[in-house]
Amino acid sequence: MAAGVERLLRRRIRSIESTQKITRAMELIAASRIVRAQQAIRAARPYTERMEDVVAEIASAPEAKDHWIFAGGGQRSLVVVLGADRGLAGAFNINVHRAADELLRQIEARGPQPAVIAVGRKVRSYFHFRGRALAESLEGMSDRPRFEDAQRVVEAVARQLEGGDIGQIFLVYTHFMSMGRQRVESRRLVPLELPQRQGSATTIFEFEPGPAEILDRLLPRWLEAEVYLGLLESAASFFAAQQRAMKAATDNADDLIKTLRRQMNRARQDAITTEILEITGGAEALRQAGLSEDAEGRPDVYVFPRAS
């Protein structure tokens, strides 16, 4: 029995060691990808900030304040949720789903049911499980986002805007603050708040073509920049969460292997003790059998008579 337990424990240890190799490799891969993701964020952020400056300059024109990007349009909202295509990243996907659910509840409490665009396989699966209809779903862009991926998302947004009933656009994503801190944010992209000018002096610009036409052309480019930055920050946050989760899994595997090895050593000692007791018991039985034969007067050596 003890030998069978030892074999079972040895098999479990080998299985956990194999899993530990995978978790350690995933931890190292995630750590290397975080560096690339941070570099991409730093490269994309100046472009996004400059786009915001351009929108702010156009907003200084009085006729621009009535544009849909500032005044809003229809009564319905559009929510774009940026998640991941894969799991094994701790609570990363769960936090995104909770934030999206909370935003959707707030929107539904004050207006019609919003349209939802899911970006990421996990987001799509979650909303399908909850029974919520999706306007569109996109996959395959969470690990290494490209600007073309942001354009795909904005094209999906543009298809929803064609109906003319969308008045608000929200973006749910995970903001990468540092290696140890990420936060899910729900941002309202449209309508934009009119920027406040610093100081009393203002600069008057003349626009050609008019501000409304410029904003119509600028809105897709600005949305692409915002979505692209959100994709990059979500990717960096995903890899940071995955690195922590895989490190915890590797450490837990170490602890479990140590525990199982102690149990296996105890089982081996029990098996050895059982064998020693069996040998000792057998020797004692043979000794007792010999003593009983001597007591009955049986000779230890038999001499056969010669044939006459």
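Look up a bit, the structure's there.
**Re the side chain of Glu136**
Part 1 of the argument: With respect to the helices and strands, Glu136 occurs in strand 3 (residues 136–138).
Part 2 of the argument: Taking the relative accessible area as the measure of exposure, Glu136 reaches 16% and is therefore buried.
Part 3 of the argument: A polar contact is formed between the side chain of Glu136 and the side chain of Arg159, at a distance of 2.7 Å.
Part 4 of the argument: Setting aside chain neighbours within four positions, we find Glu136 in contact with Val116, Ile117, Ala118, Ala156, Arg159 and Gln160.

**With respect to the pairing of strand 5 (residues 181–190)**
Part 1 of the argument: Where strand 4 (residues 166–178) and strand 5 come together, nine bridges link them in antiparallel fashion. Looking across to strand 5, one finds that Tyr173 is bridged to Glu185.
Part 2 of the argument: Between strand 4 and strand 5, which follow one another and run antiparallel, lie two residues.

**As for the pattern of salt bridges**
Part 1 of the argument: Per the stated rule, a full pass over the model turns up 17 salt bridges.
Part 2 of the argument: Linking Asp143 and Arg86 is a salt bridge whose minimum nitrogen-to-oxygen distance equals 3.3 Å. Pair noted here: Asp143 is in the loop between strand 3 and helix 5 (147–161) and Arg86 is in the loop between strand 1 (76–82) and helix 3 (92–110), with a separation of 57 residues, a long-range link.
Part 3 of the argument: We note a salt bridge from Glu102 to Arg105, for which the minimum N-O separation is 2.8 Å. With Glu102 and Arg105 both in helix 3 and three residues apart, this pair spans about one turn of that helix.
Part 4 of the argument: Via salt bridges that share partners, Arg121, Arg124 and Glu139 belong to a single interconnected network.

**Topic: unusual backbone geometry**
Part 1 of the argument: Residue Pro191 is reached from Val190 by a cis peptide bond, and omega for that bond is 0°.
Part 2 of the argument: Along the chain, Pro191 falls in the loop between strand 5 and helix 6 (211–295).
Part 3 of the argument: For Leu88, which is not glycine, the phi torsion reads 55° and is therefore positive.
Part 4 of the argument: With respect to the helices and strands, the residue Leu88 is situated in the loop between strand 1 and helix 3.
Part 5 of the argument: Since its relative accessible area comes to 55%, Leu88 is described here as exposed.

Calculation rules
Residues numbered from 1 in each chain as written. Predicted model: local features only at pLDDT ≥ 70, side-chain atom pairs only at ≥ 80, totals over all residues. Heavy atoms only, no water. Helix = DSSP H or I, 4+ residues; strand = E, 2+ residues; numbered from the N terminus. Buried < 20%, exposed > 50% of the residue type's maximum accessible area, 1.4 Å probe, protein only. Polar contact = N/O pair within 3.5 Å; in protein donor to acceptor, adjacent residues only side chain to side chain. Contact = heavy atoms within 4.5 Å. Pairing = 2+ DSSP bridges. Salt bridge = Lys/Arg side-chain N within 4 Å of Asp/Glu carboxyl O.

Keep in mind these values describe shape, not function.
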